There are 2 protein chains.
Amino acid sequence: MTDPVPAPAPAPAPAAGLPPVRYELLHVCRQSGARLGRVHTPHGSFDTPAFMPVGTQGTVKGMSPAELKEMDAGIILSNTYHLWQRPGMETIGALGGLHRFMSWDRPILTDSGGFQVFSLSDLRHITEEGVNFRSHIDGTRQTLSPELSMEVQNVLGSDIAMAFDECTPHPADHAYAKRSLERTARWLERCLKAHRRPHDQALFGIVQGGTYADLRIQSVRETLAFDLPGYAIGGLSVGEPAEDMYRMLEAAVPLLPAGKPRYLMGVGTPDYLIEGAVRGIDMFDCVLPTRIGRNGTVLTSQGRVIIRDAKYARDPGPLDPACGCYACRNFSRGYIRHLVKANELLALRLASYHNLWFLLDLMKQVRRAIAEDRLLDFRAEYLERTGYHLRRK
Amino acid sequence: MTDPVPAPAPAPAPAAGLPPVRYELLHVCRQSGARLGRVHTPHGSFDTPAFMPVGTQGTVKGMSPAELKEMDAGIILSNTYHLWQRPGMETIGALGGLHRFMSWDRPILTDSGGFQVFSLSDLRHITEEGVNFRSHIDGTRQTLSPELSMEVQNVLGSDIAMAFDECTPHPADHAYAKRSLERTARWLERCLKAHRRPHDQALFGIVQGGTYADLRIQSVRETLAFDLPGYAIGGLSVGEPAEDMYRMLEAAVPLLPAGKPRYLMGVGTPDYLIEGAVRGIDMFDCVLPTRIGRNGTVLTSQGRVIIRDAKYARDPGPLDPACGCYACRNFSRGYIRHLVKANELLALRLASYHNLWFLLDLMKQVRRAIAEDRLLDFRAEYLERTGYHLRRK
C-alpha cells in the first residue's frame, strides 16, 4: 500500500454560536456606495469584492493550486453537478472531501447543480419534486432535487453551499418568472431542512425574478425570511441587455442586509465586475478567463487580444505590458502565438494564467478604489481605456 | 507598441581558443567503468550522465521553464524540423533565437531534423543532396540537406547542433547500413563546412551502422576523423532487441575519446538509461516521460502505474510513495485518476511533471552510484525492484 497524502491544515472551527461564514464590512466608498469587506469561512478569509475562479471538475482548468495562490485567489468555485456525476460524492467523500481531494486549503463555494441540469441537458423536466434530466456523462435519466443537492454539497464540504434553485431563463414572461421564483423559495426551505452541516458550511439563498423589478423585490423578501449567512443574485448575465441587469441589481441589492455577503452569479467580464461592485456586490464567478484563454484570447489593459492573429507572429512584447504575471514576465506574444498555432498545452496554461491574474488584479484595483472613495472615477478611466463595456462576448 | 520582454542573461563567451562545448571527466566508476562528468556550454554546465527532456516545438509538452528548473533539468533538446516548419527560422531569429524565444537560459541541444523527415513523412526520397519529403504541416514537397539543417540550427542558436544524418532504419541489411553510414559521413563533412557558428555552437557527429559491429566501428572511425567536440550514437532504440543495442554500444563506445561527451539518441526508458551509463554514455533524450504522461501512465519506484485503472479510484496515496515532486506531495492517485477520466489538463501536467522528475531523479541516483563506485549494484537492485527491464513499451 501507499502512504497517505498529507492532509491539508484542518479547518478552524468557528467560534461557538457564530455562523460558519461571516461578512465584515470594512468601508463603504463615499463616491459609489460600493463595499470593501472580508468574508470569514472555516478555511480562512478572503477580501471582497472578490472574483472566484471556477474549478468545474475539481480543478480550475489548466491551473495548479500553487498557481492559484500565486495569483492571490482567495476563494474558488466548484460545480456540484459535475463532481456528483464524476467521480461521484462517494469517491470524494472517501478521499476526505473536496478540499483535500483537490488539495486546496482556502475557501470553496459550490453551486447547487441546478444551472447545469437546466443548461447541459436537452431533455429536462421540472416538477415540484426537482429536475429530471439526462446525464451528460452516460445518458441515463436522473433526478436532482433540493435534498440531493444538499446531500452532495454536504459531502463535498464546501465552505459555502448554494441553494437548489431554478435559474429562470431569459426571456421569461412575468407569470413564468413569478411561478419560478416562488418554486425557488419553496426549494430553499427544503434545502435548509436537508442541510446537515449548518455549523461549518454556510447555505446561501438565491434571488430570482427574471428582468422584473417587482419580482426581484418579491424574491428578495421571500429569501430574506430564512435569515441566511449570505445571498446571491441569480438568473442574470444569461442573455439580457446590460441595462436590465443593472436595473435588477438596483432593485434587489439595496434590500439585502449590510451584514451579509452578496454574490452575483456567473458574472465575470471586466465591465460587469466593476458595475456589480458599484451596485454593492461582493462576490462574482465566471468561466470566462479560462474559457477564452483556451481559445488563445487574453484580457489586457488595452482590451482583448486575440493572440492567434498573424500580426503578433514576431511581436517581442508581452501579452500585456502593464501586467506582472509569470506569462508576461517571461514570454513574448510571438512565442505564445506559436504555442497556440502549434496546439501546445503551454499556450492554454499561459493564457489562462494571465487572464485569471488579470481579473484578480482588477479586483485588487477595485478594492483599492473603494478604500480611496474613487470607484466611479476608476470605472470611467478603466472603461474609457479598455473599451470592455463596448464588446462583451 | 509593447515593451520588449527582458532578455535572458547573455551567454558567457567561451575562453579564447577553447571549443564552445567541453567535457570534464570527474570520475570513472571502478565497478562499472561508467563516467561521471560535467559538460560546459555557452549557457552554463550540466552534470552527466544527463537526461534531456524533449521540447519538440520549443516547449517541453505541458511544462513551463520554471518547472523544468524545479526538477533540475540541466539541458533540454528541441527539434529543428518542427521549429523550421513552424514558426520558421525567420520568426525565431527575429525573436532573438531559441533560448530567448522559449525563455530557457540553460543549454539546448537541437537535433538535425533528419530523423523527422524520415519518420513523419510517408513520401520521402533520399538522394546524395538530401531528403525530399512532404511537410506534415502543409503537405508541400520540400528538401532538407546538411547545409539547410545547419543554417536552421545556426539561427536557432542551440549550444549543441547535431549533424544531418540518415538514421538507418531497423532492420537494414549490411550493404544498406554500410552505404547509409558512408553517406552520413559525407553529409557530416558538408555540415562542418556549412557551420557558421563554430565559436559558440558545438557540432556533434553521429555514429550509425545498424546492428553490425563492424559497421559501427567503421562509422566511429570515419566520424572521429573530423575531431568534433562531441559524438552521438544514432540508429538505436528503433525496434531492435535490447541485446543488439548493448552489443553496438560495447563495440562503438570504447573507441570514442575520453575527453568528449557521448550521446545515445532517443533513449529514455529507465533500464536503458542505466544500461547506457554502464556502457559509458553521458547524454540521453526521449519523449517517453511526457508522451506516456499525457496518456495517464506514470513511472514509479515500483514500476509503471496506469493511473486510469479503476483500482486507483479511491487510492489516497501519491503516484509514487518514494517521490518528492509537487504532484506526489499534493495529490492522491484517486484525484489524478479523476482528472485523467475527466480529460482535465492538470492530469497531463501532473503526470508529465512527475515522469520528468522521476527520470531526472534517476540520473541523480546514477551519478551518485558512479561517484560511489557501485553502479552495477545499483542496476541490479533497481531493476529487481522496478522490473523496468522486463517491459519497455
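The rules behind the values
- Residues numbered from 1 in each chain as written.
- Chains lettered and ligands numbered in written order.
- Predicted model: local features only at pLDDT ≥ 70, side-chain atom pairs only at ≥ 80, totals over all residues.
- Heavy atoms only, no water.
- Helix = DSSP H or I, 4+ residues; strand = E, 2+ residues; numbered from the N terminus.
- Rg over C-alpha atoms; globule rule 2.2 N^0.38 Å.
- Buried < 20%, exposed > 50% of the residue type's maximum accessible area, 1.4 Å probe, protein only.
- Least-squares fit on C-alpha atoms with pLDDT ≥ 70 in both.
- Contact = heavy atoms within 4.5 Å.
- Pairing = 2+ DSSP bridges.
- Axes fitted to C-alpha atoms, helices over the stretch in contact; angles between N-to-C directions.
- Core = buried A, V, L, I, M, F, W, Y, C linked by side-chain atoms within 4.5 Å.

1. Things to note about the overall build of chain A
Scanning chain A for helices and strands turns up 15 helices and 17 strands. In summary, chain A has a C-alpha radius of gyration of 21 Å against a globular reference of 21 Å for 393 residues, a match within 12%. For chain A, the spread of C-alpha atoms along the principal axes amounts to about 60 × 60 × 45 Å. Taken over 393 residues, chain A has a buried fraction of 62%.

2. Remarks on the relation of the copies chain A and chain B
Take chain A, turn it by 180°, move it 0.0 Å along the axis, and it overlays chain B with an RMSD of 0.0 Å. Both chain copies can therefore be described as sitting about a two-fold axis. In terms of proximity to the rotation axis, the leading residue of chain A is Leu345(A), whose C-alpha is 3.9 Å off the axis. A symmetric contact is evident, with 100% of the interface residues of chain A recurring at the interface of chain B.

3. Re the sheet that holds strand β1 (residues 22-28) of chain B
Residue and element names in this part refer to chain B. Reading across the sheet, the 3 strands line up as β1-β2-β3 and stay open at both edges, with antiparallel pairing between neighbours. Strands with a single pairing partner mark the edges of an open sheet, and in this sheet they are β1 and β3 (44-48). Averaged over neighbouring strand pairs, the angle between their axes works out to 15° when direction is ignored. As judged from the 6 bridges shared by β1 and strand β2 (residues 35-41), these two strands associate in the antiparallel manner. Bridge pairing links valine 28 to arginine 35 in β2. Sheet strands touched by helix α14 (residues 345-371): β1, β2 and β3. Its angle to β2, the strand with the most contacts, is close to 120°.

4. Here we look at the nonpolar core
Looking at soluble globular proteins, one finds that nonpolar side chains tend to be buried together. Ranked by size, the top nonpolar core spans 197 residues in total, and within it Ile233(A), Leu375(A), Ile233(B) and Leu375(B) carry the most contacts. Beyond its immediate stretch of four places on either side in the chain, Ile233(B) contacts Val207(B), Arg216(B), Leu249(B), Ala252(B), Val253(B), Leu256(B), Tyr263(B), Leu264(B), Met265(B) and Ile281(B).

5. Examining the environment of Pro229(B)
Residue and element names in this part refer to chain B. Relative to the helices and strands, proline 229 is located in the loop between α8 (213-224) and β13 (231-233). For proline 229, a relative accessible area of 16% puts it in the buried group. For the pair proline 229 and valine 21, spaced 208 residues apart in sequence, the C-alpha to C-alpha distance is 6.4 Å. Setting aside anything within four residues of it in sequence, one finds proline 229 in contact with Val21, Ala202, Leu203, Phe204, Lys260 and Pro261.

Geometric values such as these leave the question of function open.
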